[in-house]
Protein chains: 2
Amino acid sequence: MADSKVSPVPLLKDELDIVIPTIRNLDFLEMWRPFFQPYHLIIVQDGDPSKVIKVPEGFDYELYNRNDINRILGPKASCISFKDSACRCFGYMVSKKKYIYTIDDDCFVAKDPSGKDINALEQHIKNLLCPATPHFFNTLYDPYREGADFVRGYPFSLREGVPTAVSHGLWLNIPDYDAPTQLVKPLERNKRYVDAVLTIPKSTLFPMCGMNLAFDRDLIGPAMYFGLMGDGQPLGRYDDMWAGWCMKVICDHLGYGVKTGLPYIWHSKASNPFVNLKKEYKGIYWQEELIPFFQAAKLPKDCTTVQECYIELSKQVKAKLGGVDEYFIKLADAMVTWIEAWDELNPSDSKAANLPNGAQK
Amino acid sequence: MADSKVSPVPLLKDELDIVIPTIRNLDFLEMWRPFFQPYHLIIVQDGDPSKVIKVPEGFDYELYNRNDINRILGPKASCISFKDSACRCFGYMVSKKKYIYTIDDDCFVAKDPSGKDINALEQHIKNLLCPATPHFFNTLYDPYREGADFVRGYPFSLREGVPTAVSHGLWLNIPDYDAPTQLVKPLERNKRYVDAVLTIPKSTLFPMCGMNLAFDRDLIGPAMYFGLMGDGQPLGRYDDMWAGWCMKVICDHLGYGVKTGLPYIWHSKASNPFVNLKKEYKGIYWQEELIPFFQAAKLPKDCTTVQECYIELSKQVKAKLGGVDEYFIKLADAMVTWIEAWDELNPSDSKAANLPNGAQK
């Protein structure tokens, strides 16, 4: 598949925004400067709007705090979480670019086994520009990568792959564990650099982490809603998970691919497991019902846009999860509000949404 | 999941047979001596029975040639391929052990990135003794491995996993490509050591290669039939693929897991791509119908043993693939013969097959 290989990797600097939910760590942008400076940053401040976020010189950025979100969205601002990094999805909505990369401010540049700094963004771009292969598993992992291909027994009709909507990167050092696992294994560190990118197969769900995540906003943006978390909500730390489950069901329906693996970032700091437990404990039992729900979710054929799929999914959430807790009724309503707000801020999207494939914009 | 970790790894020397389809390469067993000598070998000679296979001193082995297969199976010997390494499955049938490891004679000991010889068998045993996780994807790969675990968002009810039936190992140096890819990329070598083991998710098919493969014979043995290949057949190099697709459908139905990844062996020699093309060309277009067939195959709930599942699958093969080519009618009949022969040689299996779980033997 030599012709599908992406080499050299384009920078895409006019087509990609970096979305960051608050920056508390002043070293963060300095460390990423060589890689991030060419890009436009969208910073979404998650807490007190009166606090000032210092952005080092030389970066091109826009910053939104809660007052901005309220002003821009009006009553629809209710769908954006407050005092929680879930607010980052507001940045996805106001971006006008094709690609989004989102990263947490406690994530630093990792080194590959040779000691070289990993350009995480470059690897995400590679992942997004290469097709994905959700319909059949390739045992040598990403078949489009240099030095690899489809192995014997891989049907030729499936070798073109499908468009990649999401690239899920991983973390060295502090693994992304839930609070109970953090409590049980406080000293565990992820030291294993697994040199692979792979497509999550169709109909398989996974836990999508928002720490180091890129996606094609044109393909899947409206599904990347991070839900209602933080202030006034009974739940935290399920924002990215929720987005991942909704997104995967919709990608499977629309025929898009989701990749996981490279690139790694260095996750510097474990969050407090006691605080996490408080945020998570309802999620830990709710997810036992959420997973079967998403595994069984089917979207009707006439849902052909992400928006249509997402609205349909919100109805199923209300009907089938409303009984689990009233929170899901509120969340289902917020899902609808989110799509309304998205379409308001992205009017060409919402018109295009009703046109046949390929006729958009 | 510290209590699920397997450390140190048991040798299982009284519970594992190594099955090898002919040994043409005299260095083969010498190179593997430190790792294979504790085990019993079953060598199944694929060609001319009058040729003598030399086994170096110190190995405990039994050797079967075509005359032996004919004598032992009588008319049922028709289900065992001749002049093709697919004959190796006869070895699975005559073994009395719980685990099988099968390897080709052009596969040598590989080195890990630190330069250390890889004990492939030890890694396969680890893979087989640890549970598999086919119902949800873990982004840090095998959650039972030291230094890893289930990540945030992984449902707790799924963390016990399911029994692992198959461990599919990979190959450094010569990748397992089909003839067209071999022809297009004669110089491609697999140099990437991916330090991961992962479960192939439920309902996902993959190309199972027989070069470096281990399985739990008690759990899945009767599904590991390598079909009709070689002398007198229109097809070659689809023996392991066929077994893999049948096996995966049955594992998904019975709730067993299939792993792929580590261990690597060193695949020394590419087979002749022109010869391979002749063997494969029908398979290359047939597989376009085989894959949708296996993807759609459903087994009825009352199929509770591997034998019952396999017989049911043979009926579906005859009904749905018989129209593709008459070869599949012959193959469907051979699948039935294989099960009859298996049950004849393994009478306690076939009785146990009708007992409830846990009551076997």
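Rules of the game
- Residues numbered from 1 in each chain as written.
- Chains lettered and ligands numbered in written order.
- Predicted model: local features only at pLDDT ≥ 70, side-chain atom pairs only at ≥ 80, totals over all residues.
- Heavy atoms only, no water.
- Helix = DSSP H or I, 4+ residues; strand = E, 2+ residues; numbered from the N terminus.
- Rg over C-alpha atoms; globule rule 2.2 N^0.38 Å.
- Buried < 20%, exposed > 50% of the residue type's maximum accessible area, 1.4 Å probe, protein only.
- Contact = heavy atoms within 4.5 Å.
- Areas by Shrake-Rupley, 256 points an atom, 1.4 Å probe, with all protein chains shown as cover.
- Lys, Arg positive; Asp, Glu negative; His and termini not counted.
- Charge placed at Lys NZ, Arg CZ, Asp CG, Glu CD.
- Buried area = accessible area lost by both parts, 1.4 Å probe.
- Salt bridge = Lys/Arg side-chain N within 4 Å of Asp/Glu carboxyl O.
- Polar contact = N/O pair within 3.5 Å; in protein donor to acceptor, adjacent residues only side chain to side chain.
- Nonpolar A, V, L, I, M, F, W, Y, C, P; charged D, E, K, R; others polar.
- Phe/Tyr/Trp six-rings, centres within 6.5 Å; stacked < 30°, edge-to-face > 60°.
- Patch = residues over 30% accessible without salt bridge, like charges linked within 9 Å, V, L, I, M, F, W, Y side chains within 5 Å.
- UniProt positions renumbered as here; feature names shortened; annotations may be inferred.
- Arc of directions from axis to C-beta.
- Least-squares fit on C-alpha atoms with pLDDT ≥ 70 in both.
- Axes fitted to C-alpha atoms, helices over the stretch in contact; angles between N-to-C directions.
- Parallel < 35°, antiparallel > 145°, perpendicular 65-115°, else oblique.
- Left-handed = near helix turned anticlockwise from the far one by under 90°.

(A) Seen up close, the overall build of chain A. Assigned secondary structure in chain A consists of eleven helices and nine strands. Radius of gyration (C-alpha) of chain A: 20 Å, near the 21 Å computed for a compact globule of 361 residues. Its C-alpha atoms put chain A at 55 × 50 × 45 Å along the principal axes. When burial is assessed residue by residue, chain A has 61% of its 361 residues classed as buried. In chain A, the share of contacts with a sequence separation of at least 24, taken over all contacts with a separation of at least 6, comes to 74%. On chain A, roughly 13900 Å² of surface is accessible, and the fraction owed to carbon and sulfur atoms is 53%. Of the charged side chains in chain A, 41 are positive and 46 negative, and the gap between their average positions amounts to 2 Å.

(B) The interface of chain A and chain B, seen in detail. The partner chain B presents 61 residues to the 62 residues of chain A that form the contact. Around 5000 Å² of area is buried between chain A and chain B when both sides are counted, 57% of it from carbon and sulfur atoms. Of all residues in chain A, Phe137, Arg152 and Arg192 of chain A bury the most surface against chain B, accounting for 17% of the area lost on that side. Run the count over chain A and chain B and you get ten salt bridges. Inspection of the region where chain A meets chain B yields 28 residue pairs in polar contact (both at pLDDT 80 or more). For the side of chain A that touches chain B, the secondary-structure elements that each account for two or more residues are strand 6 (164-173), helix 5 (179-184), helix 7 (239-254), strand 9 (257-267) and helix 8 (273-296) of chain A. In terms of residue class, the side of chain A that touches chain B is made up of 31 nonpolar, 13 polar and 18 charged.

(C) Spatial organisation of the packing of aromatic side chains. Tallied over the full model, the rule gives 43 aromatic pairs over all chains. Relative to phenylalanine 328 of chain A, the ring of tryptophan 242 of chain A has its centre 6.1 Å away and its plane inclined at 35 degrees; by these criteria the two rings are tilted. Of this pair, tryptophan 242 of chain A sits in helix 7 while phenylalanine 328 of chain A sits in helix 10 (residues 327-345), and the two are 86 residues apart along the sequence. For the pair tryptophan 242 of chain A and phenylalanine 328 of chain A, a shared accessibility class is recorded, and that class is buried. Measuring from ring centre to ring centre gives 5.2 Å for tryptophan 242 of chain B and phenylalanine 294 of chain B, while their planes differ by 75 degrees; the resulting arrangement is edge-to-face. One end of the pair, tryptophan 242 of chain B, is in helix 7 (residues 239-254); the other, phenylalanine 294 of chain B, is in helix 8 (residues 273-296), and 52 residues separate them in sequence. A single burial state applies to tryptophan 242 of chain B and to phenylalanine 294 of chain B, both of which are buried. Among the aromatic residues, ring-to-ring pairing joins Trp242, Trp245, Tyr285, Trp286, Phe293, Phe294, Tyr327 and Phe328 of chain A into one connected group.

(D) Representation of a nonpolar patch on the surface. All names here are of chain A. A surface patch of nonpolar side chains, amounting to about 630 Å² of accessible area, comprises Leu183, Val184, Phe274, Leu277, Tyr281 and Tyr285. Counting residues per element, the nonpolar patch draws most heavily on helix 8, which supplies four residues. As for its placement among the helices and strands, leucine 277 is situated in helix 8.

(E) Quick look at the UniProt feature "glycosylation site" (unreviewed entry) in chain A. Sites flagged by UniProt as "glycosylation site" (unreviewed entry) map to Arg152 of chain A. The topology assignment puts arginine 152 of chain A in the loop between helix 4 (120-129) and strand 6. Residue class for arginine 152 of chain A comes out buried when judged on its relative accessible area of 5%. For arginine 152 of chain A, the contacting residues outside a window of four places in its chain are Asp176, Tyr177, Asp178, Pro207, Cys209, Arg237, Asp240, Met241 and Glu280 of chain B.

(F) Structural view of helix 1 (residues 27-36) of chain A. Residues and elements named next belong to chain A. Taken together, the buried positions of helix 1 are occupied by Phe28, Leu29, Trp32, Phe35 and Phe36. Along the axis of helix 1, the buried residues cluster in a sector spanning 95 degrees; they form a single face. Every exposed residue of helix 1 that faces more than 90 degrees away from the buried side is listed here: Asp27 and Pro34. If you follow the buried residues of helix 1, they end up packed against strand 1 (16-20), strand 2 (40-44), strand 4 (99-103), strand 5 (107-108), helix 4 and strand 9.

(G) Spotlight on the relation of the copies chain A and chain B. For the pair chain A and chain B, the best superposition has an RMSD of 0.0 Å and corresponds to a rotation of 180 degrees with a translation of 0.0 Å parallel to the axis. Expressed as a symmetry operation, the mapping of one chain copy onto the other fits a two-fold axis. Identified as the residue of chain A closest to the rotation axis by C-alpha distance is valine 194 of chain A, at 2.8 Å. Taken together, the interface assignments show that 98% of the residues at the interface of chain A recur at the interface of chain B, consistent with an identical surface on both copies.

(H) Region of the structure containing the packing of helix 7 of chain B against helix 8 of chain B. All names here are of chain B. As a packed pair, helix 7 and helix 8 sit with axes 10 Å apart at the nearest point and diverge in direction by 15 degrees. Between helix 7 and helix 8, the angle falls in the class roughly parallel. Between helix 7 and helix 8 lies a crossing of right-handed hand. Across from Trp242, Trp245, Cys246 and Val249 in helix 7, the residues of helix 8 making contact are Gln287, Leu290, Ile291 and Phe294. In the contact of helix 7 with helix 8, the residues fall into seven nonpolar, one polar and no charged.

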